[in-house]
Amino acid sequence: MTEFSPAQKALAAFNERYELCGPFDDDWVEQCLAAALEAVADQVVPPAVILEYYERNESPVLGKAIEVRNNLLAIADELRGNTTTETL
């Protein structure tokens, strides 16, 4: 039996779920991408770290990471059709 890569396994699991759960709304791809971007943004800078940063305002590197996080969240909002993004 062929061993599948993690990406292939994830795709197979997704396809299986899609078959079981469908049909989806027309914008299901955008919704999935938005959720994935939000998860990535939380990995770049967890929300708890943001609060600590604003309390001390010490790290320019963390400031740049927060900017990246906000950009990812803005893209997710755009994919969801929300144009009123609140950034941190």
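The structure this text deals with has already been given above.
The notes below deal with the structure included here. Every value quoted in this text rests on a predicted model; they were computed, and no experiment measured them.

The rules behind each value
Residues numbered from 1 in each chain as written. Predicted model: local features only at pLDDT ≥ 70, side-chain atom pairs only at ≥ 80, totals over all residues. Heavy atoms only, no water. Patch = residues over 30% accessible without salt bridge, like charges linked within 9 Å, V, L, I, M, F, W, Y side chains within 5 Å. Areas by Shrake-Rupley, 256 points an atom, 1.4 Å probe, with all protein chains shown as cover. Salt bridge = Lys/Arg side-chain N within 4 Å of Asp/Glu carboxyl O. Lys, Arg positive; Asp, Glu negative; His and termini not counted. Charge placed at Lys NZ, Arg CZ, Asp CG, Glu CD. Helix = DSSP H or I, 4+ residues; strand = E, 2+ residues; numbered from the N terminus. Buried < 20%, exposed > 50% of the residue type's maximum accessible area, 1.4 Å probe, protein only. Axes fitted to C-alpha atoms, helices over the stretch in contact; angles between N-to-C directions. Parallel < 35°, antiparallel > 145°, perpendicular 65-115°, else oblique. Left-handed = near helix turned anticlockwise from the far one by under 90°. Contact = heavy atoms within 4.5 Å. Nonpolar A, V, L, I, M, F, W, Y, C, P; charged D, E, K, R; others polar.

Digging into a negative patch on the surface
Turning to step 1, where the next piece is worked out: Judged by side-chain charge, Asp25, Asp26, Asp27 and Glu30 come together as a negatively charged surface patch.
Turning to step 2, where the next piece is worked out: Along the chain, the position of Glu30 falls in helix α2 (residues 28–44).
Turning to step 3, where the next piece is worked out: We classify Glu30 as partly exposed; its relative accessible area is 30%.

Quick word on a nonpolar patch on the surface
Turning to step 1, where the next piece is worked out: A grouping of Leu11, Phe14, Tyr18 and Phe24 is seen on the molecular surface, where their side chains present a nonpolar patch of about 360 Å² in accessible area.
Turning to step 2, where the next piece is worked out: Note that Phe14 resides in helix α1 (residues 6–21).

Digging into the pattern of salt bridges
It is possible for side chains bearing opposite charge to pair when their charged atoms get close.
Turning to step 1, where the next piece is worked out: By the definition in use, this model includes three salt bridges.
Turning to step 2, where the next piece is worked out: Where Glu38 meets Arg80, a salt bridge forms, and the shortest distance between an N and an O atom there is 3.0 Å. Placement of the pair is Glu38 in helix α2 and Arg80 in helix α4 (residues 60–80), with a sequence separation of 42 residues.
Turning to step 3, where the next piece is worked out: Owing to a relative accessible area of 35%, Arg80 belongs among the partly exposed residues under this scheme.
Turning to step 4, where the next piece is worked out: Residue Arg69 is joined to Asp42 by a salt bridge in which the shortest nitrogen-to-oxygen separation is 2.5 Å. Linking Arg69 in helix α4 with Asp42 in helix α2, this pair joins segments that are 27 residues apart in sequence.

Brief notes about the packing of α2 against α4
In a packed pair of helices, the relevant descriptors are the angle between the two axes and the axis-to-axis distance.
Turning to step 1, where the next piece is worked out: The contact between α2 and α4 brings their axes to 8 Å, and the two run at 165°. What the angle tells us is that α2 and α4 run roughly antiparallel. Read as a crossing pair, α2 and α4 show a hand that is left-handed. Facing Glu30, Gln31, Leu33, Ala34, Ala35, Leu37, Glu38, Val40, Ala41, Asp42 and Val44 of α2, the residues of α4 in contact are Ala65, Val68, Arg69, Leu72, Leu73, Ile75, Ala76, Leu79 and Arg80.
Turning to step 2, where the next piece is worked out: Of the residues that constitute the contact of α2 with α4, the class distribution is 14 nonpolar, one polar and five charged.

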